Amino acid sequence: MNAHLDIDDLLTDPVSERARAHLDGCAGCRTEAARWETAAGGVLELIAGTPEPELELDVVPAGPVRGGTGRRPRTAFIATAAAAVLVLGGVGYGLSSALIRSGPGTVTAGLTAVSGCAGLEQTDGTLAQLDGTTVIVGASPGQQVRAATSARTSVNVSGLPISDITDGASAMVAGPESNGTLQAKMVILGATGARRINTPDGPPAQGTISDLTGTGFTLVEPDGTQLAVTTSSDTNVTMINAGLGQLRTGAYTMAIGYARPDGTLAAIAILQPPSRNVVFSIRGCTPSSMDHAFTMAFMAAS
Amino acid sequence: MSGPGQVTTHGATRDDAQRASDCDLLRLIALRDEGAMAELYRRYGRIVFGQILLVVGERTLAEEILQDTMLAVWRGADSYRGESVVLSWVIAIARRRTRDRMRGRRLRVVDETFAGEQASPDPGPELVALDRAELAEVTAAIRLLAPAHREVLGLALGTGLSLPEVADVLEIPVGTVKSRLAAARNALDRVLTEKGLNR
């Protein structure tokens, strides 16, 4: 059997024993395979390397809590026919927005629908207890909701101690700048990629923390610029993708997820924001889209 | 790559268990299970989006077609008969949605001019440019190919579908898939040479 390998032989994974034996003795087929490999590399770079659809985020500054239905989806088509699609990771981006509201009065019977994200519910109140991986949140004992977390649950915590800042962490820092030194009002650890944001002190600086001391650190920006940052007891430290152990019992907490038949919540996000009166406007109803929205809302609140 | 001279596809790896699981997901989606829909998207959303984008070349349009596709999956999951693997079923929907969107535009998803091109049983011609091209040059050249060439390369090399599954998606015989693939790769080499992308 001297027939050369055809495309089918070369594209089958794994290559058959027959094909492997042929390749060992056929330089032409090895060259042919290498060419397909080159072409496949280019295709895979374009397909598998395609970045996630860019999230278009809008920040609704802190202020009066919005009620009602929130923003209208961009098209009636989506609103009437594709509500469930809005819950997909990334599919709903840019095609709808959702409002997550915090503050008094947003909890009704424990859970409230998140406007714009079909099936998504929220609850808020005091973090009463951490029971393993379950977070118990509620305005009062009668309204407490058990929110089960998983490895995919996004946990964002504000009000962390300065000591949670570590060398090598990526961070976004906002605050007034004086004589080349940034006086940090807000440090968001783990924040990346949030753009189009402004704070009362101008756009936040982004980079990697180094040379950490008790009174500040150096922020190394992507272009290599080194920015001196000072911290104080007034600096609010927030962590995106924090650990459950960093949640503070007794602090105001929001839980967002899908209601289970037993009344518990399968949480996709747990949040301890810096302020009760914050509205998070997200596009996309996924943990990652929420991370971005939270980052921007936190900054706006700084 | 698992060894020298081997060409493998690096898209979704699917074994029997996962195929069954995919089918289960569609059954749940037919029952309006949003979590199942999310899981299906988690598994294949990027591949389907990448394939659409590869063909249409416009990100915004690709996003809209992806949305159309997933909505069609949500609405039509109960029409899945298990006659093809789930990924090829979804990609076939994406292809039809792409065709609908592109109707009236110059782009043709299927170009019949390739029907006459036959794959040689011998090792290919001296594809010198392809032999020495770097990855960035290859990706740039792929973007310059005809849509039908980009489509077949994407399906065969980027999604993990087998050639019979690609044929199923394209609704053409396997032999035509092979000849179209060979034509696409030859065109890739020509573009690399003509555009001087590898010099």
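Here is what the cut-offs are and how they apply
Residues numbered from 1 in each chain as written. Chains lettered and ligands numbered in written order. Predicted model: local features only at pLDDT ≥ 70, side-chain atom pairs only at ≥ 80, totals over all residues. Heavy atoms only, no water. Salt bridge = Lys/Arg side-chain N within 4 Å of Asp/Glu carboxyl O. Helix = DSSP H or I, 4+ residues; strand = E, 2+ residues; numbered from the N terminus. Buried < 20%, exposed > 50% of the residue type's maximum accessible area, 1.4 Å probe, protein only. Pairing = 2+ DSSP bridges. Phe/Tyr/Trp six-rings, centres within 6.5 Å; stacked < 30°, edge-to-face > 60°. Lys NZ or Arg CZ within 6 Å of the ring centre and 35° of its normal. Contact = heavy atoms within 4.5 Å. Axes fitted to C-alpha atoms, helices over the stretch in contact; angles between N-to-C directions. Parallel < 35°, antiparallel > 145°, perpendicular 65-115°, else oblique. Nonpolar A, V, L, I, M, F, W, Y, C, P; charged D, E, K, R; others polar. pLDDT = per-residue confidence, 0-100.

(A) Quick peek at the pattern of salt bridges. Residue and element names in this part refer to chain A. Scanning the model with the defined rule gives six salt bridges over all chains in all. Here D131 and R146 are joined by a salt bridge, their closest N and O atoms 3.0 Å apart. Of this pair, D131 sits in strand β3 (residues 120–131) while R146 sits in strand β5 (residues 145–148), and the two are 15 residues apart along the sequence. Relative accessible area serves as the criterion here: at 35%, D131 is assigned to the partly exposed category.

(B) Quick peek at the pairing of strand β7 (residues 170–174) of chain A. All names here are of chain A. With four of its five residues buried, β7 lies for the most part within the structure. Across four bridges, the pairing between β7 and strand β11 (residues 205–213) is antiparallel. Paired with S170 across the bridge in β11 is T208.

(C) Examining the packing of aromatic side chains more closely. Summed over all chains, the structure comprises one aromatic pair over all chains. Directly above the ring of A:W36 sits B:R185, whose terminal nitrogen or CZ lies 4.6 Å from the centroid.

(D) Representation of the environment of A:T181 in the model. Residues and elements named next belong to chain A. Within the secondary structure, T181 is located in strand β9 (residues 181–183). Taking relative accessible area as the criterion, T181 reaches 22% and is therefore assigned partly exposed. Along the chain, T181 and T230 lie 49 residues apart, while their C-alpha atoms are 7.1 Å from each other. Setting aside its immediate chain neighbours within four residues, T181 contacts P176, A228 and T230.

(E) Up close: the pairing of strand β12 (residues 216–220) of chain A. All names here are of chain A. Burial analysis of β12 places four of its five residues in the buried class, the great majority of the element. Direction of pairing for β11 relative to β12: antiparallel, over a ladder of four bridges. Note on β12: the bridge partner recorded for T213 is G216. Between β11 and β12, which pair antiparallel in sequence order, lie two residues. By the bridge criterion, five bridges tie β12 to strand β13 (residues 226–230) in an arrangement that is antiparallel. Along β13, the bridge assignment pairs G216 with T230. Linking β12 to β13, which pair antiparallel, is a turn of five residues; within it G224 sits at a positive phi near 95 degrees.

(F) Geometry of helix α8 (residues 163–170) of chain B. Residues and elements named next belong to chain B. By the criterion of burial, α8 is predominantly enclosed, with six of the eight residues buried. Every buried residue of α8 is accounted for by L163, E165, V166, A167, V169 and L170. After α8 finishes, the residue E171 shows a positive phi value of roughly 60 degrees.

(G) Geometry of the packing of helix α3 (residues 27–47) of chain A against helix α6 (residues 135–143) of chain B. With their axes 8 Å apart at the nearest point, α3(A) and α6(B) run at an angle of 75 degrees to one another. The orientation of α3(A) with respect to α6(B), classified from their angle, is roughly perpendicular. Only B:L135, B:V138, B:T139, B:I142 and B:R143 of α6(B) make contact with α3(A), whose side of the interface consists of A:T38, A:A39, A:G41, A:G42, A:V43, A:E45 and A:L46. In the contact of α3(A) with α6(B), the residues fall into six nonpolar, four polar and two charged.

(H) Quick look at the confidence of the model for chain B. All names here are of chain B. This prediction gives chain B a mean pLDDT of 75; 73% of its residues lie at or above 70. Confidence over residues 1–20 falls short of pLDDT 50; this stretch has 47 contacts with residues more than four positions distant or in other chains. For the stretch residues 106–125, pLDDT sits under 50, and the model shows 40 contacts to residues farther than four places along the chain or on other chains. Both confidence scores are given for the complex: pTM 0.46, ipTM 0.77.

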